[in-house]
Amino acid sequence: MSADLTPHSGLRASDADRDRVAQHLATALSEGRLDLAEYEQRLDTAMGAVTIGDLVPLTADLPAPQDPAGTPAPDDGPVDLAETGAKAARGRRRGKGGKGMVEEWRSWGGGAVIMTGIWLVTSIASGEMQPYWPLIPLGIWAAVLVASLIFPEKD
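Residues numbered from 1 in each chain as written. Predicted model: local features only at pLDDT ≥ 70, side-chain atom pairs only at ≥ 80, totals over all residues. Heavy atoms only, no water.

Asker: Help me out: how do you make sense of the environment of Ala22 in this one?
Answerer: Mapped onto the secondary structure, Ala22 falls in helix H1 (residues 15-30). Residue classification places Ala22 among the buried positions, given a relative accessible area of 5%. C-alpha separation for the pair Ala22 and Thr45, spaced 23 residues apart in sequence, amounts to 10.0 Å. (Helix = DSSP H or I, 4+ residues; strand = E, 2+ residues; numbered from the N terminus. Buried < 20%, exposed > 50% of the residue type's maximum accessible area, 1.4 Å probe, protein only.)

Asker: Is there a simple way to explain the nonpolar core in this structure?
Answerer: Taken as a class, soluble globular proteins show a tendency for nonpolar side chains to be buried jointly. In this structure, Val21, Leu25, Leu34 and Leu55 are the most contacted members of the largest nonpolar core, which totals 14 residues. Counting residues per element, the ones that place at least two in this core are H1, helix H2 (36-47) and helix H3 (52-59). Take this core: its biggest share by element is 4 residues, from H1. With sequence-adjacent residues up to four places away left out, Leu55 is seen in contact with Ala13, Asp17, Arg18, Val21, Ala46 and Ala49. (Core = buried A, V, L, I, M, F, W, Y, C linked by side-chain atoms within 4.5 Å. Contact = heavy atoms within 4.5 Å.)

Here you go:
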């Protein structure tokens, strides 16, 4: 059967088609049109779609994405999900106004409490003070955090 006679919904979906739907779903999530569970379910279905017809129902109840001017967004081609994730991770790490770094140090403090608790319990259980082993992982972790302050990542 030639491509001319195949119904559009029966055509095999490309990676670009799946990426376009993934971007549309991400926009709907950020606008509050989908909750996280529904977004994840639809995204999983989109990534496993075989035909265009499998993708159509995933965004049928969502309005077309809009750019900031209010006009439908142009098709910029496939979305590089790895780059999108890396940008989001950099934004979380740096945060606005240093909040990201405060959260990093808060995590370090939580790790310090947990590791010190484990050290203390094992010392009490053994009946003698054990060497303070949390110093090694906490020192390495702190060195990485200090290095990220001195040498921040560039976009």
